[in-house]
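# Fold and contact review
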Amino acid sequence: MSKPKFAMYWAAACGGCEIAVLNINEAILDVDANFEVVFWPVAMDAKYKDVEAMPDGDITLCLFNGSIRNDENAEMAHLLRRKSKILVAFGSCAVDGGIPALGNLYPTQAIIDTAFSTLTTDNPQGLRPQTSYAAPEGEIHIPVLASDVRTLDQVVPVEYYMPGCPPESKQITAVVSLVISALKGEAALPPAGSVIGAGASTVCDECPRTRSEKAIKRFRRMATYQPNATECLLEQGILCSGMATRSGCVALCPSANVPCIGCYGGAPGVIDQGARMLSAIASVVDSDDPAEIASILADVVDPAGTFYRFSLAHSLLHRAK
Amino acid sequence: MTPTSNGWEPVIVGFSCNWCSYRAADSAGMARIKYAPNVRFIRLMCSGRVDPLFVLKAFADGADAVLISGCHPGDCHYITQNYKTLRRFALLKQTLTALGLEDGRLRLVWASAAEGTILAEEIDNMVADVRKLGPLNWKARTAQRVTAAAG
């Protein structure tokens, strides 16, 4: 009997998810022993047309990382959806939009203009990338940037969501072993639509720091303040997203003395991670005086980028106006 | 409600507290004070109950503006909860501004149960401001962007 097929694809992503998968160390041998890897651009040579040639539903497990930034990403999302039985939105970008979705704070043209005409860009003729070009050998095309960055499930339906930037290697190992057991009939897969490889609580619940009453007179930034290693970071005035963010990472960042930046997405029951975060932050500001409140909150220099660092595409508003 | 020439009327979602501002709206009604009928009030026990989520949801679902109203600071039925409203409103405003929403689309008004006239005036001002800003249309626009690129 031939082995079930495995694919992994990157859309608008940094490659960190791929590293995280390789970082499962010897468990990668289980993947190889139990799956035939048919498509994984970062690890092996394969062409899109090889995927197109597969029968529909031929791929058993497809880990899709990256958000949908251009028409190539969207095309691959549709293609891999057709070819896969279990399509997993893998990593923050596929689940929530991730860092690329901060692009939704700007119009696409503004992003292109910034990239091709900043002071440090050597582009005296003010050239812009063209999406098609008539070469002597024929017309060639490059992918067109979409107006918005979207999550994978805003483009095609997915079976599972596996958050994290990147997903923790231990969680990947657990998910891979679960799928292998399920294929052998020894375990049941969670219901479709589930979040897998993550906890069911908040990062605060996993955080080892001591918490007491929160009353913040002043927000501080990591660049200019060294927090102590034991007290709650938020109580020290550092914007930490732990209270709004899903657990599963074992509070990795707060344990390393840096704040949670929210990569696991909204905690269970949270509809809009940014709203939850801003509500919690505002509530603990220690002042009843409008002017003082304004001056304390003025230190929150980038509210949209901080509260929606990973989840803008999945938020209620989805983008800036 | 008389629609404007292009058929658009501002849709404003209002969150008011049970103890002061909802009664202010009531007293405005009982005093037969005329004011713009564009605000759809949702009564909550306290303005402190207004989760920023409600406001975002209203915008995402098509509201042109959102009005939050509650008891004056110091007069809260629940002692200090409207101070939380004050703080959340400030940070929500900052966030919405960063997301490109105009200032006039979110307003906080304190109105005691006796201040029907003040609430009515504030609503009239707000409706006039929103009329100038035009429709927000977030719902249709987002749906269009999401499906357009989905193809």
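That block above? That's the structure.
All of the points below concern the structure found in this document. Note that the structure is predicted; figures quoted are calculated from it, not measured.

### Focus: the overall build of chain A
- When helices and strands are counted, chain A shows 12 helices and nine strands.
- Rg of the C-alpha trace for chain A: 22 Å, near the compact-globule value of 20 Å for 321 residues, within the 12% margin.
- Expressed as lengths along the three principal axes of its C-alpha atoms, the size of chain A is roughly 65 × 60 × 30 Å.
- Within chain A, buried positions represent 45% of all 321 residues.
- In chain A, once contacts between residues fewer than 6 apart in sequence are set aside, the share between residues at least 24 apart is 73%.

### Digging into the overall build of chain B
- Tallying secondary structure elements over chain B gives five helices and four strands in all.
- Expected size for 151 residues packed as a compact globule is a radius of gyration near 15 Å; at 16 Å, chain B falls within 12% of this value.
- C-alpha atoms of chain B, sized along the principal axes, occupy 55 × 35 × 20 Å.
- In chain B, which comprises 151 residues, the proportion classed as buried is 48%.

### Remarks on the nonpolar core
- Core analysis: the largest hydrophobic core is formed by 135 residues, its most contacted members being Tyr9, Cys62, Phe64, Val88 and Ala89 of chain A together with Ile12 and Val66 of chain B.
- For this core, the element with the most residues is helix 3 (residues 81-98) of chain B, which contributes seven residues.
- Lining this core are residues from two domains, each supplying at least three of them: domain 1 (5-99 + 148-183) and domain 3 (199-321) of chain A.
- Contact partners of valine 88 of chain A, with chain neighbours within four places excluded, come to Cys62, Leu63, Phe64, Val158, Glu159, Tyr160 and Met162 of chain A.

### Structural notes on unusual backbone geometry
Residue and element names in this part refer to chain A.
- Of note, the amide linkage connecting cysteine 165 to proline 166 takes the cis form, showing an omega dihedral of -10°.
- Among the secondary structure elements, proline 166 is positioned in the loop between strand 9 (160-162) and helix 7 (169-183).
- At histidine 318, a residue that is not glycine, the phi angle is positive and equals roughly 70°.
- Inspection of the secondary structure assignment puts histidine 318 in the segment after helix 12 (303-307).

### Here's the deal with the interface of chain A and chain B
- In this assembly, 30 residues from chain A lie in contact with 28 residues from chain B.
- For the side of chain A that touches chain B, the secondary-structure elements that each account for two or more residues are strand 8 (145-150), helix 10 (273-283), helix 11 (290-297) and helix 12 of chain A.
- Top element by residues in the side of chain A that touches chain B is helix 10 of chain A. It accounts for six residues.
- In terms of residue class, the side of chain A that touches chain B is built from 20 nonpolar, five polar and five charged.

### Considerations on the sheet that holds strand 1 (residues 12-17) of chain B
All names here are of chain B.
- Judged by pairing direction, the sheet is parallel, and its four strands sit side by side in the order 2-1-3-4 without closing on themselves. The open sheet has two edge strands, strand 2 (39-44) and strand 4 (106-110), and neither has a second partner. In this sheet, adjacent strand axes meet at a mean angle of 20° when their direction is disregarded.
- Relative to strand 3 (residues 65-70), strand 1 runs parallel, the two sharing five bridges. When the bridges of strand 3 are listed, serine 16 appears paired with serine 69.

### Notes on the packing of helix 10 of chain A against helix 2 (residues 52-60) of chain B
- One can describe the packing of helix 10 of chain A onto helix 2 of chain B by two numbers: an axis separation of 8 Å at closest approach and a directional angle of 145°. The handedness of the crossing between helix 10 of chain A and helix 2 of chain B is right-handed. The residues of helix 2 of chain B that touch helix 10 of chain A, namely those facing Ala275, Leu278 and Ser279 of chain A, are Pro52, Leu53 and Leu56 of chain B.

### Details of helix 1 (residues 21-30) of chain B
Residue and element names in this part refer to chain B.
- Among the residues of helix 1, those classed as buried are Ser21, Tyr22, Arg23, Ala24, Ala25 and Ala28.
- Those residues of helix 1 that are buried lie in contact with strand 1, strand 2, strand 3 and helix 4 (116-133).
- Arginine 32 sits one or two positions beyond helix 1 and adopts a positive phi of about 55°.

### Some remarks on the sheet that holds strand 1 (residues 5-10) of chain A
Residues and elements named next belong to chain A.
- If you trace the five strands from one edge of the open sheet to the other, you get 2-1-3-5-9, paired in parallel fashion. In this open sheet, the two strands that pair with only one neighbour each are strand 2 (36-39) and strand 9. Strand-to-strand, the axes of this sheet are offset by a mean angle of 25°, without reference to chain direction.
- Two strands pair when backbone bridges link them, and strand 1 and strand 2 are joined in this way by three bridges, in the parallel orientation. What sits directly across from lysine 5, in strand 2, is glutamate 36.

### So, the pairing of strand 5 (residues 84-90) of chain A
All names here are of chain A.
- Judged by how many residues are buried, strand 5 sits mostly within the fold: five of seven residues are covered.
- In this structure, strand 3 (residues 59-65) lies alongside strand 5, joined through six bridges in parallel fashion. Considered in strand 5, the bridge of asparagine 65 is made with phenylalanine 90.
- Sheet topology note: the strand 5/strand 9 ladder contains three bridges and is parallel. What sits directly across from alanine 89, in strand 9, is tyrosine 161.

### Notes on the environment of valine 55 of chain B
All names here are of chain B.
- Looking at where valine 55 falls in the secondary structure, it is placed in helix 2.
- Here the alpha-carbon distance between valine 55 and serine 112, two residues 57 residues apart in the chain, equals 22 Å.
- Other than its neighbours up to four places away in sequence, valine 55 contacts Val50, Val66, Leu92 and Leu106.

### Let's talk about the packing of helix 11 of chain A against helix 3 of chain B
- Between helix 11 of chain A and helix 3 of chain B, whose axes approach to 10 Å, the crossing angle comes to 45°. Between helix 11 of chain A and helix 3 of chain B, the angle falls in the class oblique. Between helix 11 of chain A and helix 3 of chain B lies a crossing whose hand is right-handed. Contact residues: helix 11 of chain A offers Pro290, Ile293, Ala294 and Leu297 of chain A, while helix 3 of chain B offers Leu86, Arg87, Ala90, Leu91 and Gln94 of chain B.
- Residue composition of the contact of helix 11 of chain A with helix 3 of chain B, by class: seven nonpolar, one polar and one charged.

Conventions used here
Residues numbered from 1 in each chain as written. Chains lettered and ligands numbered in written order. Predicted model: local features only at pLDDT ≥ 70, side-chain atom pairs only at ≥ 80, totals over all residues. Helix = DSSP H or I, 4+ residues; strand = E, 2+ residues; numbered from the N terminus. Rg over C-alpha atoms; globule rule 2.2 N^0.38 Å. Buried ≥ 20, exposed ≤ 12 C-beta atoms within 10 Å, placed from the backbone. Contact = placed C-beta atoms within 7 Å. Core = buried A, V, L, I, M, F, W, Y, C linked by C-beta atoms within 7 Å. Domains from an automatic or database assignment. Nonpolar A, V, L, I, M, F, W, Y, C, P; charged D, E, K, R; others polar. Pairing = 2+ DSSP bridges. Axes fitted to C-alpha atoms, helices over the stretch in contact; angles between N-to-C directions. Left-handed = near helix turned anticlockwise from the far one by under 90°. Parallel < 35°, antiparallel > 145°, perpendicular 65-115°, else oblique.

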